[in-house]
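Inside the fold
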Amino acid sequence: MLWLSLHLPQLPLEIFTRGTEACGPAVAVEGDRQRAQVRVANRPAEKLGVHAGMTIAAAQALASELQVFPRDPQKEAAALARLATWAGQFTSHVSLEPDGLLLEIAGSLRLFGGVERLLEKVRKGVRRLGYHAILAVAPTPLGATLLARAGDTVVVADHAQLVERLSRLPIVLLDMPPDSGRAHADMLEAMGILTLGDYLALPRAGLKRRFGGDLPDQLDRALGSVPDPREYFEPPAQFASRLELPAEVHETTALLFAARRLIAELEGFLRGRGVGVQQFHLDLDHADHSATRITVGLASSSRDSQRLLGLLRERLERVTLPQPVRGIVLAAERTAPCQARNLDLFPDARQEAENVAPLVERLRARLGDGMVHSLECVADHRPERAMRVAEPGAAYEAGFSASRPLWLLPQPRPLPCRNGVPHLGVPLILRQGPERIESGWWDGRPVARDYFVAEAVGGPRYWVYREAVEAERWFLHGIFS
C-alpha cells in the first residue's frame, strides 16, 4: 500500500478567507479564548506584524483593520468532508484526519501516470480550492501523516527509507494524550529525547512503564510493525457546498472568484462519481433578505469547470443584488452519466450537435431560457401548423421544403388585387405555382389555397396565396431569405 497525506496547517484560517483573493483583508483566527491568542494569520495580517502566539489585543493594536474570527471546529470538519469528496476523483480510499486527509493511492498510480504526476494534479487541485496543503507519501498512513506534519514534501517508497526519515522528526509530532500530553512532552525533552530516533533507541518496556503504551503503539503503526486500519470516507449522494465571505460583496462580478472555488469542488465530485451535471444552482445569502437563487441548466451533462463557470458568469451578469452577499451555496440538482465515445477522423452528426450545445447554453444564460429554441417540423400540410417550437438539438424526421420560406408572418397579410395581379407596392410577378394546399377538414380549421412564389422587379421573393374558393383574395404568407 502507498498513502498520500494532505496536511492543512492553515485550515482554521482558510475556511474564512478562501472566498477572496490573496490580497484580501487582514484576517486572524483566535485559537484559545482563555488566552486570547492568535492561532494563525493570513499574509496581509503578517505584513502588518501579526503572527501566531501574539495576544489578540496586541494584534489589534498593530492592525486596527484586523478581522478576528473564533476558531470553528465544526466548519473545519465540514471543509475536510468537502475536500474528501473532491479527492474521490483520485481514489475511492479516502480517510479523514484531524488536520488533513489520507489517500491510499497504490491502485491509482497507473491511471495518473505515476506518483509524481498524481502529486502534481493533487497539488494544483488543492490550490484551486483555496487551500495550502503539505503532501507526503509513505507506505504507512501514520508515517505519511508525520512526514507531512513535519513539512517534508517527500515520497518514501520503501520501509528502510521510512525508518531513516521518521528518525529525524521531532517527537512532538506524535499525538500526545490530551490529559498528560504537555507533561509527557516536557519530560521527554528533559531526558534529551527530542526526535523519534532518540525514542526508538530506548528500551521499549521502560518507556511503556513510564509513559504508557500510546506513544510506542503510534511508532509501531508509523513504521508498519502493526496494522493500522483506517475508516474510509463515504461521499454524499448529492453535491452541496457553502463558502463564507470574510467581507460583504456588493457586486456580482466580485462573486466569481468565490464561485470558482465551489465549481472546482463540484468538478471533483462529478469526476469521482463518473457523472456530469445537467443543472445546478447558486444561492446568494443576504443579511435581511431571502437568498437570491441563480439556476443554470446545460444542454448536455458536463463536468468541465470552465464550461460551468462560463455559464454561471453569464447568469451573474444579469442579476441585480437586493442586498450585499455574505455567503454562497452551490448545489447540483441533476446529474447524469457522461457517455464515452470514440474519436473519429471526420465529425458526424452527433459530434456536430455536441459542438452546438455549448453555444445554446451560453445564449440561454445571456438571453434567458425562453428566448432560445429551435423549430421542429410537424406532419401537417398547413404552413402555419407545419412547425412548432422545440428544444434546441431535438431530432425530427421531417425537413423543410426548399419551395417554402422559413420566415412566415404571424398572420397572413391581405394584398390588393388589380386585374387579377396581387400588388405589394408594385405588381408582383408569379414565378412558380400554383401549389394547391387543401387540408384541415377534420379539426374544424379547413384551408383551400393556391400558393405561388412571387417577386417584385429587382426585389425579394415572397410566398403568396389566393383562396381557392375566392380567386380574387390574395394574401402574403412568407418571405424568402
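This section reports on the structure supplied with the text. (Residues numbered from 1 in each chain as written. Predicted model: local features only at pLDDT ≥ 70, side-chain atom pairs only at ≥ 80, totals over all residues. Heavy atoms only, no water.)

For the chain, the count of helices and strands is 15 helices and 21 strands. The C-alpha extent of the chain, read off along each of the three principal axes, is 120 × 50 × 40 Å. Looking at the chain as a whole, 44% of its 481 residues are labelled buried. Long-range contacts, defined here as pairs at least 24 residues apart, represent 58% of the contacts in the chain between residues at least 6 apart. Total accessible area on the chain is roughly 25600 Å²; 51% of this is exposed by carbon and sulfur atoms. Of note, the chain has its 57 positive side-chain charges centred 3 Å away from the centre of its 58 negative side-chain charges. (Helix = DSSP H or I, 4+ residues; strand = E, 2+ residues; numbered from the N terminus. Buried < 20%, exposed > 50% of the residue type's maximum accessible area, 1.4 Å probe, protein only. Contact = heavy atoms within 4.5 Å. Areas by Shrake-Rupley, 256 points an atom, 1.4 Å probe, with all protein chains shown as cover. Lys, Arg positive; Asp, Glu negative; His and termini not counted. Charge placed at Lys NZ, Arg CZ, Asp CG, Glu CD.)

As a further point, take the side chain of Glu 314. Locating Glu 314 in the fold gives a position in helix α14 (residues 305-316). Other than its neighbours up to four places away in sequence, Glu 314 contacts Arg 362, Ala 365 and Arg 366.

Let us now look at the sheet that holds strand β21 (residues 474-479). Spatial strand order, β14-β21-β20-β19-β18: five strands in an open sheet with antiparallel pairing. The open sheet has two edge strands, β14 (407-415) and β18 (429-439), and neither has a second partner. Neighbour to neighbour, the strand axes of the sheet diverge by 25° on average, direction disregarded. When β18 meets strand β19 (residues 447-455), the two strands line up antiparallel, connected through eight bridges. Paired with Ser 439 across the strands is Val 447, a residue of β19. (Pairing = 2+ DSSP bridges. Axes fitted to C-alpha atoms, helices over the stretch in contact; angles between N-to-C directions.)

The next subject is the sheet that holds strand β10 (residues 292-302). In spatial order, the strands read β8-β11-β9-β10; together these four strands make up an open sheet with antiparallel pairing. Pairing within the sheet leaves two strands with one partner each, and these edge strands are β8 (240-249) and β10. Neighbouring strand axes in the sheet, compared pairwise and without regard to direction, differ in orientation by 20° on average. Relative to strand β11 (residues 325-337), helix α13 (residues 256-273) is tilted by about 25°, and along the sheet it contacts β8, β9 (275-285), β10 and β11.

Core analysis: the largest hydrophobic core is formed by 35 residues, its most contacted members being Leu 4, Leu 6, Leu 101, Leu 103, Ile 105, Val 122 and Tyr 131. Looking at this core, the elements that each hand over two or more residues are β1 (3-7), α1 (11-17), β2 (27-32), α4 (73-87), β6 (100-104), α6 (115-129) and β7 (134-138). In this structure, Leu 4 is in contact with Leu 101, Leu 102, Leu 103, Ile 105, Leu 119, Val 122, Leu 135, Ala 136 and Val 137, ignoring residues within four places of it in sequence. If you look at the next biggest cluster of nonpolar residues, it comprises 32 residues, including Ala 258, Ile 263, Leu 308 and Leu 312. (Core = buried A, V, L, I, M, F, W, Y, C linked by side-chain atoms within 4.5 Å.)

At their nearest, the axes of α4 and α13 sit 6 Å apart, and the two run at 50° to each other. Here α13 runs oblique to α4, going by the angle between their axes. Mapping the contact onto sequence places Arg 82, Thr 85 and Trp 86 in α4 and Ala 264, Glu 265, Gly 268 and Phe 269 in α13. Classifying every residue of the contact of α4 with α13 by side-chain character gives three nonpolar, two polar and two charged. (Parallel < 35°, antiparallel > 145°, perpendicular 65-115°, else oblique. Nonpolar A, V, L, I, M, F, W, Y, C, P; charged D, E, K, R; others polar.)

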